[in-house]
Amino acid sequence: MLLTIIRRLLQTVLVVLIMSALVFAGLYLVGDPVAMLASPEATDAQREALRRSLGLDLPLWHQYFIFISKAAHLDFGNSFLTGEPAMQLILERMPATLELATLAIFASMAIGVPLGIYAGLKPRSISARSIMTGSVLGFSLPNFWVGLMLIMLFAVILGWFPAGGRGPVRSFGPIELSVFNWQGLQNLILPAATIAVAKCALIIRVTRAATRESLPQDYIKYARAKGLSNRRVLSVHLLKNILIPIVTIGGLEYGQVIAFAVVTETVFSWPGMGKLLIDSIITLDRPVVVAYLMLTVVFLALLNLLVDIGYTVLDPRVRLGATA
Amino acid sequence: RDLTIALRSEPSSMDPQFHSLTPNTQMSETLFDPLVRTDAKAQPVASLAESWTVDGNVWTFKLRPNVKFADGSPFTSEDVLFTYARVPLVPNSPSSYSLYLSAVEKVEAPDPLTVKITTKGPSPVLLANLSMVPIMSSKAASGAAPEGKTTVELNRGDGLVGTGPYKFVSWKRGAEIVFERNDLYWGKKPEWDRVIYRPISNSAARVAALLAGDVDLIEDPPTDDLPKLKSDKNLHVQETPSVRVIYIALNQGKELPPGMSGTNDKNPLADKRVREALSLAIDRQAIVERIMGGSAQPAGNLLAYPGFGTSEALSKVAPANPAKAKELLTAAGYPDGFTVSLGSPAGRYTNDQRIAQAVASMWARIGVKANVETMAPPVFFKKRDSFAFSTYLAGWAASSGEMLNPLTALVHTKKPDLGLGTTNWSKYTNPELDKLVIGASRTLDDAKRSEMLQKAGSMVMEDYGILPLQFEMSVWAMKKDIRYGGRTDQMTLAQDVTLAK
Amino acid sequence: MADNSSRPLEPVGTASTQDEAPLLSVRGLHRHFTQPVDLIQRAGNFFKGRHKPQTLHAVAGIDIDVHGGEVIGIVGESGCGKSTLGRMIAGILPPTSGDIAYKGRSVAQLDAGARREYQLGVQMIFQDPFSSLNPRMRVVDIIGEAAVVHRIVSRAKMEEYVAGLMQKVGLDPAYRFRYPHQFSGGQRQRIGVARALALEPALIVCDEAVAALDVSIQAQVLNLFIRLRRELGLTYFFISHNLGVVSHIADRVAIMYLGRIVEIADTDTIFSCANHPYTQALIKELPVLRTDQRQFDPIRGELPSPIDPPPGCPFHPRCPHAMDRCKIERPLLKPVGESPREYDLLHGRRNVHQSACHLNDPGPMEKQ
Amino acid sequence: MNAAYAMPAGDLLLDVQGLRTSFHTREGVVRAVDGISLQIRQGEILGLVGESGSGKSITGFSLMKLVDEPGRTQADRLFFNGLDLQKLSPEEYRQLRGRDMAMIFQDPSTTLNPVLRIDTQMIEAVQAHNRVSRQAARARSLEVLKKVGIPSPEERLNVYPHHLSGGMRQRIAIAIALLNSPKLIIADEPTTALDVTIQGQILYEVQKLCRETGTALIWITHDLAIVSGLADRIAVMYAGRIVETGTAAQIIGAAQHPYTHGLISSIPSVHTRGHDLFQIPGSTPSLLNLPKGCPFRTRCYRASGQCEIDPVLEEVAPGHWASCWHKGLQP
Amino acid sequence: MMVQQTAAPALAAHESLWRVFMAQFLASKLAVVGLVLLMAFVLLAIFAPWIAPQNPFDIATLDIMDSKMPPGSSTFDGSMTYWLGTDGQARDVFSAILYGMRTSLFVGLVSVSAAFLIGTTAGLVSAYFGGRIDAVLMRTVDIQLSFPAILVALILLAVLGKGVDKVIYALIAVQWAYFARAARAAAIVERNKEYVEAARCVSLSWHRILWRHIFPNCIPPLMVIATIDLAHAIALEATLSFLGVGVPVTEPSLGMLISNGFEFLLSGNYWISFFPGIALALIVVAINLVGDHLRDILNPRNEIQGVSL
Ligand SMILES: Nc1ncnc2c1ncn2[C@@H]1O[C@H](COP(=O)(O)OP(=O)(O)OP(=O)(O)O)[C@@H](O)[C@H]1O
Ligand SMILES: Nc1ncnc2c1ncn2[C@@H]1O[C@H](COP(=O)(O)OP(=O)(O)OP(=O)(O)O)[C@@H](O)[C@H]1O
Ligand SMILES: [Mg+2]
Ligand SMILES: [Mg+2]
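Counting restarts for each chain: residues are numbered from 1 in the order of the written sequence. Each chain is given a letter, starting from A, and each ligand a number, starting from 1, according to the order in which they appear as written. The model is predicted, so local features are restricted to residues of pLDDT at least 70 and side-chain atom pairs to those at 80 or more, both for listing and for counting; the totals for chains, interfaces and linings are taken over all residues. Hydrogens and water molecules were not included; the side-chain quantities draw on all heavy atoms of the structure.

Draft legend 1. The arrangement of the arrangement of the chains in detail. Once contacts are tallied for each of the eight pairs of chains in contact, the highest total is for chains C and D. When C-alpha atoms are compared, chain B and chain D, though not in contact, are closest at a spacing of 46 Å. Contacts were defined at the residue level, with two residues in contact if any of their heavy atoms lie within 4.5 Å.

Draft legend 2. Summary view of the site of ligand 2. Residue and element names in this part refer to chain D. We call a residue near a given molecule or strand whenever any one of its heavy atoms falls within 4 Å of it. Neighbouring ligand 2 are 13 residues, the closest being Ser52, Gly53, Lys56, Ser57 and Ile58. Throughout this description, a polar contact denotes any pair of N or O atoms lying within 3.5 Å of each other; where both atoms belong to protein, one of them has to be capable of donating a hydrogen while the other can accept it, and for residues adjacent in sequence the pair is counted only when both atoms sit in side chains. Here glycine 55 contributes a backbone N or O atom positioned 3.1 Å from an oxygen atom of ligand 2. Contact between ligand 2 and lysine 56: an oxygen atom at 2.9 Å from a side-chain N or O atom of the residue. A 1.4 Å probe and the Shrake-Rupley method give the accessible areas. Residues count as covered only by the protein chains that appear here. Coverage of ligand 2 by the protein chains reaches 67% of its 630 Å² of free accessible surface. For helices the rule is a DSSP run of H or I covering at least 4 residues; for strands it is a run of E covering at least 2, with both sets numbered from the N terminus onward. Among the secondary structure elements, those contributing two or more residues to the shell around ligand 2 are strand S1 (12-25) and helix H2 (56-64). For this classification, Asp, Glu, Lys and Arg are treated as charged, while Ala, Val, Leu, Ile, Met, Phe, Trp, Tyr, Cys and Pro are nonpolar and the rest, including Gly, are polar. The class makeup of the residues in the shell around ligand 2 is four nonpolar, six polar and three charged.

Draft legend 3. Quick look at the state of the cysteines. Residue and element names in this part refer to chain C. To count as a disulfide, a pair of cysteine sulfur atoms needs to be within 2.5 Å. Scanning all chains against the criterion turns up zero disulfides over all chains. Free of any disulfide, cysteine 319 has its nearest neighbouring cysteine sulfur in cysteine 357, separated by 6.1 Å. Left without a disulfide partner, cysteine 326 is nearest to the cysteine sulfur of cysteine 313, which lies 5.7 Å away. Cysteine 326 gets classed as buried once you look at its relative accessible area, which sits at 7%. A simple rule labels every residue: compare its accessible area, found with a 1.4 Å probe on the protein chains alone, to the largest value its type can have, and call it buried under 20%, exposed over 50%, or partly exposed in between.

Draft legend 4. Seen up close, the nonpolar core. Among the nonpolar cores identified, the biggest contains 302 residues, and Ile248 and Trp363 of chain B together with Phe225 and Phe238 of chain C are the most heavily contacted of them. When residues in this core are grouped by element, the largest group, 16 residues, is from helix H7 (residues 164-191) of chain E. Working definition of a nonpolar core: buried Ala, Val, Leu, Ile, Met, Phe, Trp, Tyr and Cys residues. They are joined through side-chain atoms within 4.5 Å. Judged by nonpolar contacts, the second largest core, of 103 residues, contains Ile150, Ala187, Leu230 and Tyr238 of chain D.

Draft legend 5. Focus on the site of ligand 1. All names here are of chain C. Lining the immediate environment of ligand 1, one finds 13 residues, of which Ser78, Gly79, Lys82, Ser83 and Thr84 sit closest. Here an oxygen atom of ligand 1 and a side-chain polar atom of lysine 82 are 2.9 Å apart. Contact with the protein chains covers 62% of the free accessible surface of ligand 1, which is 630 Å². For the shell around ligand 1, the secondary-structure elements that each account for two or more residues are strand S2 (54-66) and helix H3 (82-89). Ranked by residue count, the leading element in the shell around ligand 1 is H3, at three residues.

Draft legend 6. Molecular detail of the packing of helix H13 (residues 404-411) of chain B against helix H14 (residues 431-442) of chain B. Residue and element names in this part refer to chain B. Here H13 crosses H14 at 140 degrees, and the two axes come no closer than 10 Å. In terms of orientation, H13 lies oblique with respect to H14. Here H13 and H14 pass one another in a crossing that is left-handed. Mapping the contact onto sequence places Leu404, Leu407, Thr408 and Val411 in H13 and Leu433, Asp434, Val437, Ala440 and Ser441 in H14. Considered class by class, the residues forming the contact of H13 with H14 number six nonpolar, two polar and one charged. Each axis is a line fitted through C-alpha atoms, taken for helices only over the stretch in contact, and angles between the N-to-C directions span 0 to 180 degrees. Any angle that is under 35 degrees is reported as roughly parallel, and any over 145 degrees as roughly antiparallel; angles of 65 to 115 degrees are reported as roughly perpendicular and all others as oblique. Handedness of a crossing is defined here by the sense of rotation of the near helix relative to the far one, left-handed for an anticlockwise turn of less than a right angle and right-handed for a clockwise turn.

Draft legend 7. Structural view of a nonpolar patch on the surface. Residues and elements named next belong to chain E. Here the term patch refers to residues with relative accessible area over 30% and no salt bridge, with like charges joined within 9 Å and nonpolar side chains (Val, Leu, Ile, Met, Phe, Trp, Tyr) within 5 Å. One side-chain nitrogen of Lys or Arg within 4 Å of one carboxyl oxygen of Asp or Glu is enough to make a salt bridge. Side chains of Leu43, Leu44, Ile46, Phe47, Trp50, Ile51 and Phe94 sit close together on the surface and give an oily, nonpolar patch of about 690 Å² of accessible area. Elements represented by at least two residues in the nonpolar patch include exactly helix H2 (29-46) and helix H3 (48-51). It is H2 that contributes the most residues to the nonpolar patch, three residues altogether. With respect to the helices and strands, the residue leucine 43 is situated in helix H2.

Draft legend 8. A look at the pairing of strand S5 (residues 58-63) of chain B. Residue and element names in this part refer to chain B. Of the two faces of S5, only the one carrying Trp59, Phe61 and Leu63 is buried; Val58, Thr60 and Lys62 on the other face are not. Judged from the six bridges that link them, strand S4 (residues 49-55) and S5 form a sheet pairing that is antiparallel. Note that in S5 the partner of tryptophan 52 across the bridge is phenylalanine 61. What makes two strands pair is DSSP finding at least two bridges between them. Connecting the antiparallel pair S4 and S5 is a turn made up of two residues, with glycine 56 showing a positive phi of about 60 degrees. Two elements, S5 and strand S7 (residues 114-119), share five bridges in a ladder whose sense is antiparallel.

Draft legend 9. Expanded view of the sheet that holds strand S7 (residues 203-207) of chain C. All names here are of chain C. If you trace the eight strands from one edge of the open sheet to the other, you get S6-S7-S8-S3-S9-S10-S12-S11, paired in mixed fashion. Across the chains shown, the open sheet's two edge strands, defined by having one partner strand only, are strand S6 (122-125) and strand S11 (334-335). With four bridges connecting them, S6 and S7 associate as parallel partners. Each bridged residue has a counterpart across the sheet, and for valine 122 the counterpart in S7 is leucine 203. Across the sheet, helix H7 (residues 185-197) touches S6 and S7, and the angle it forms with S6 is around 170 degrees. Here helix H11 (residues 277-285) sits on the sheet in contact with strand S3 (71-76), strand S9 (252-257) and strand S10 (260-266), set at roughly 105 degrees to S9.

Draft legend 10. Quick peek at the side chain of serine 141 of chain D. Residue and element names in this part refer to chain D. Inspection of the secondary structure puts serine 141 in helix H6 (residues 134-147). With a relative accessible area of 0%, serine 141 lands in the buried category. Apart from the residues within four sequence positions on either side, serine 141 is in contact with Met122, Ile123, Val126, Leu157 and Leu179.

Draft legend 11. Spotlight on the pairing of strand S15 (residues 369-375) of chain B. All names here are of chain B. Pairing of strand S14 (residues 339-345) with S15, which is carried by seven bridges, proceeds in the parallel orientation. Pairing of glycine 343 across the sheet is with glutamate 373, part of S15. Orient the strands so they point away from the viewer; a crossover is then right-handed if the path from the first strand over the helix to the second runs clockwise. Tracing the backbone out of S14, into helix H11 (residues 352-365) and back to the parallel element S15 gives a crossover that is right-handed.

Draft legend 12. Examining the interface of chain A and chain E more closely. Contacts between the two partners involve 40 residues from chain A and, on the opposite side, 38 residues from chain E. What gets called buried area is simply the loss in accessible area from a 1.4 Å probe that two parts show on being joined, summed for both. A combined buried area of about 3,500 Å² lies between chain A and chain E, and 80% of that area is made up of carbon and sulfur atoms. Counting the surface chain A buries against chain E, the share from its top three residues, Ser140, Phe144 and Trp145 of chain A, is 15%. The interface formed by chain A and chain E contains zero salt bridges. At the junction of chain A with chain E, the criterion picks out zero residue pairs in polar contact (both at pLDDT 80 or more). Looking at which element gives the most residues to the side of chain A that touches chain E, the answer is helix H1 (residues 2-30) of chain A, with ten residues. Split into classes, the residues belonging to the side of chain A that touches chain E amount to 31 nonpolar, six polar and three charged.

Structural measurements only, silent on function.
And the structure:
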């Protein structure tokens, strides 16, 4: 167990190294940050000075080397654009993204799992078919479109929810959350719904597939043969088995939402990490992009690990690290 | 009552000396005052300096007495010295304020209410430049670092003390910036108890927020929504001509520019007739009407009349004339036209991609096939700066509000080491024009300077060295009980927002 | 001699001569499966020496000779290494150590041509008639592909060739364009047989080849095996956990327990005078038709884990005759009983009855 | 007809007549069980033998009312322990399952829920039928585990199924079946997936338990050899019908139906060595298009034109019934 | 000697997998509707130049004065009617949808096929050989998956320049990893089946085993992913366009039409994004209906029952 965790961490470090190198090279190819930052009226000397002060005058490999050696001391550099420590900028915005993603995933689980089980139990019924067709739509319509439609309908036409932004928050130490007050929650609902629409569709499909897979299994029939009530068969024997794929998918999707909620956050002006990422990419704010992706990789790796641990809890047959 | 403003883009910093950028400047202009400020028409007016005199290279400013910083400490010439001294010390400033003080040789404070500035040479734009550098409190902004309070500290509000109408309360990045009324303000009491800025970069979302009543005022609604917003009884739309010009630059270099073909290896853009033809082919009025929703003016110059140094003659734009354009092309030896590339950033200027496409379709009428290449701004600028387009669309804001600025940056022969022609990526060069521009920049006499600038302006336009398309209007939309007069520099200043009578 | 007449199965074409070398000869064959220890685990060992590589001795030292034309039955409980042995012989799985010699030459040192001869000469028939046929290939391709690839027939002649094979195994050649799912279990098993025969093998390893079939179909397939053997002079390495099936088809039977052969002898010998307690138990357990109620009296305990086999005789925890010595010392496979039987002398075979049990050694009492 | 050979009712635990289960599929109606009749007394062991697909499992599931979706079951008479099963509500049937009538499945590696611990699976079986505390249910589980000869049962309770060997799992399944002291256990090929020695152990336990507790047992298998030593009576199934039934001795010693002959003589053993095995030609017919009349007629060595008429079960000896026009001992 | 055999009578003679497959496919009305719809869209897209009244990609034919015309209005000179209106660039929305569909479907199909090819190869090789190769390939996949699509697209588009082909490269780069994972998972299952062992036993070469034996059996799950991914690719391309890194503005895809059109939604010019939106939704639903049913009939559980389903 411990070894697995260590192994994963080492792998993650390797991935982080490769990835940051790729991002360095990639952003270098995209454009020149100085051209984006400096005033168009700036003289060459001023540009040069800026370039030097940001360390952009060095060869790329040298810049990377400096970055890595600093990163080893957890200094990920300062944002080109704001001069603030890049990691801090990201962490500041993390709670917003986290609460958005968490709410969205929970909502999609809460709606998707029962619907999926239902659709799996009665695959031929009209309602099950409509659930599945509906999920097709939710699953494959572009996220930005769904978001914009929700805004149109619920914010502009009906005026039930605010059109964007985060609204008032409540502080818990350094972490600020908006779920805990009504107004904040109102702000959260539309963006969370946008994400949930897509994820819910996915959960429905996974749940349905897992249910259909599990139902004909002997252990379900055997549970009935023991004289268990239908409720117990479904809520214990079936559910515990289908939870395995659901948790896997749910966990991975959760990671994806957290890491790349770019579109939703843009549409709803949600002050989360995704919006920061896209803004930083546009302005070629390399320290922020790199720090962000490093954080994401580590985060996804941790989440994977958690999912795997969850796996061992849910499925006793699986041993952590059994498959290297 | 509170005022909520939806910003088009979030400031990168609260440090008034970190990043010279409109979103930043409009914040610092609300928290701080400069010695001299520019009014809505870009004319210098008194601010912390009550009056000033100029004697050759020496400027003497009389400071306003009894002015207090928001923390209660008095404002003196000491603060001016501190502020100007801090400018070059700010590290990693992406766009340094030293630009505005580059003409300044030294700053002295003979007494607490007098500041004496010596410039390196005659500097007609000094006042405009000084308006960009607001005065910080030497007491509050001193600190351990060489520059005193660091940018990071200022971003948190630490040392962020000014004499302006509002004072800083909080800033949650990406979410909101909150200011509240500065009761110690020396000028007219501002209207709002608190001002809340919300950055909403997606323009549709901004409109939606206004329609949903989440915000009181939005910057820059999309032009397509203007008709609807204007007809909405609950809203008021303010359109103000801006100092920004959208133009097309033509690569006039000797060798064949990239993306060009069908020209026998010559560069037709080096031929004035061709340039004129291209200009004549463009129906600026149609662009203004159909793409800009009417909130722009066709441009025949680099700055809208009656800006300083603009000539009335150029305020009228010749109507599109494809027939004549075709003739000119034929005369120049290109009866069948040729192919060029037309670069454009995507989303940097209002409707930039759409304008580029419209221009391309207009050129197509006279046989010039333009391949529109739009791309994300960083990519666009990188390519532009390596002369990767034969023509490109871009915009320029004359921040000082006078012709000298666009002339220096856009059409003066490229001499980046001197800060001349920094954005002249068209290889246009005209020694006479260069002489005029340099001359004007050294002339203090306004009348004479204006004349020189007008002449220079006409020279470029007659050369078709650059093709201005339109002057953007700055647009604000707000709830109907609110008024904002608008500014040519496109800034949204909360202190100037009032309740409708 | 009268005894011999009841052996109609003696191969026709391959009467073995006195000095003929075994077709296949296996010496000291081992196969371990190891969970490899990676760098990090090794680093972990540095602090806590826990992570030894877990080694599973699936086959732990087997010597056996297979003579041309005979049927060797391999019997043992699940997990005792039968399939692993069969796969090594068929060349699918490389041995960890030990040597396999084909026609007198060690397989490890064969040149390319001889290696091919070995690889084609030893074929395998698998247990599961469902998963052993590629569901997305037509029967004609399943059977004929390898023959074409190995240039035994030209592509043009393949169909004809396959039709012949199908006929041989009792399938209607008209079905050759069908897919496996269109056949019943017994028919599929015949397809598997035809696939093996396509390469004209000398030795066929049958790994539980009839275990998945119904009794009636099993009888059909067993009959087919016997017929093919007679017609083609095949040699079978017949793996099964069903002693009944083995006793029906095999000339010689080897009983495996935890990766080793514990007893090997002629089929009749095994059934008439089994020596090893495990063999005796197996024979006793063998369900046979009877008209009376039977009192079941099984051997206790389960097959120990091959990862952690018991010391000494691996069977001792379940053996009713276990002695102290069995817990310490592993008995070796030794000849038992009287001198080799008449028949063996006649044929020069060394297939004497061997067994690995301490009970066969003269006990301490006798020694004194 | 059916009633004609019905044994005197009285101590009959299970009395089934004309049980039919069919699946309505797109291709047609699959009559998996086509009118079979069974009678079992208390403590009796019945061996149900037949080829794969002959409907043995479906018979078992039909009795448990566990037939899957498109399947439909009906019977002329379906009495268990004096109850008319066809009149029971679903809830009453649920009560019956696992309490009076238990089932053991073929493959122990798939019947126990892999993600639940053994104790959970045992306790829920107790609690589904008795209002007892967890402790009591657990104690009961422990007791039964001991009874089926599981070493260190306390530990086994706390593990997951995959920690146990196949034989051990099957014993757990037997223990679960015994938890509520049922009157009838239906064992659907419970030893097919196991090794000979382990099979021997299971058979030993089952035989012992049936004798001790007087539980009746239906032992489903395709291996005549197994039931020959275990069962009191044997029923041979073919294509959804019972073609021959009688005491074990009658079936093994004096089989009358050609199919039974085939089954018996196709078993390989050391005695058949050197001979071709007797083989029933062809393969099991699809239930979708059975031949008219006797379903076995296309594979039968005695078939004649008469066989196109459905044969009926006839008593050839006391308690020994066969359905064939050409019944008789194997030559 | 008994040789005569009766085949299981349920099996009609010479029934090929393909026929069985088609029979099963046609059994679902919904899937057939999806397929018909999809074919219709594909045909419309292919023949767009002949059907569309205007070539919206040809900038010379656009007259800015005709922009934002509501559905049913005619050109300035009355020569043509804009049945679905025009967009902000004066493109006929109907023509733009046809051409946009062409772009979207092309981008989707090409990128998914290429990603399928690359990913599947990687996955199969990874599964078959295991060990180092597997580790390296799968770590590459991990890295790929922790990159946001938008960043990949931006970098690629920056390096390569803008263009439909560049968007395709970007989409391939984003998608191949999913196929690699899925192919590997499927191939590992298949690799352990006996028929692979049987193929090894008859000494077939590894690439033959990989491609002729294992690969065809991995197709069903991959097909399902491919159909879902096709819808996904189209949506992703739309998103890229929304973020400003998609196809060139002069050759708009459906996604770009929608995202451009949204600017007009609030101002009441609904048709600019509404009709392309409907078209996109229909395509996506059609693809998914087909994909869903494919998933059902390609399910290995049904496979065993073969024809009997
Ligand atoms: N590839 C493998 N990796 C690890 N262990 C293996 C592998 N193949 C077989 N084993 C182990 O080797 C032992 C012997 O396996 P083998 O398949 O030879 O047994 P068997 O006698 O054929 O059993 P069965 O009757 O169940 O087929 C078993 O414990 C098995 O788990
Ligand atoms: N859900 C179903 N739909 C259609 N036919 C079914 C279904 N379940 C079972 N059958 C059919 O019912 C028949 C009897 O099946 P059953 O499982 O009882 O056979 P069995 O005698 O138990 O065979 P085995 O020895 O293989 O377990 C088979 O032909 C099978 O195809
Ligand atoms: Mg095996
Ligand atoms: Mg069964």
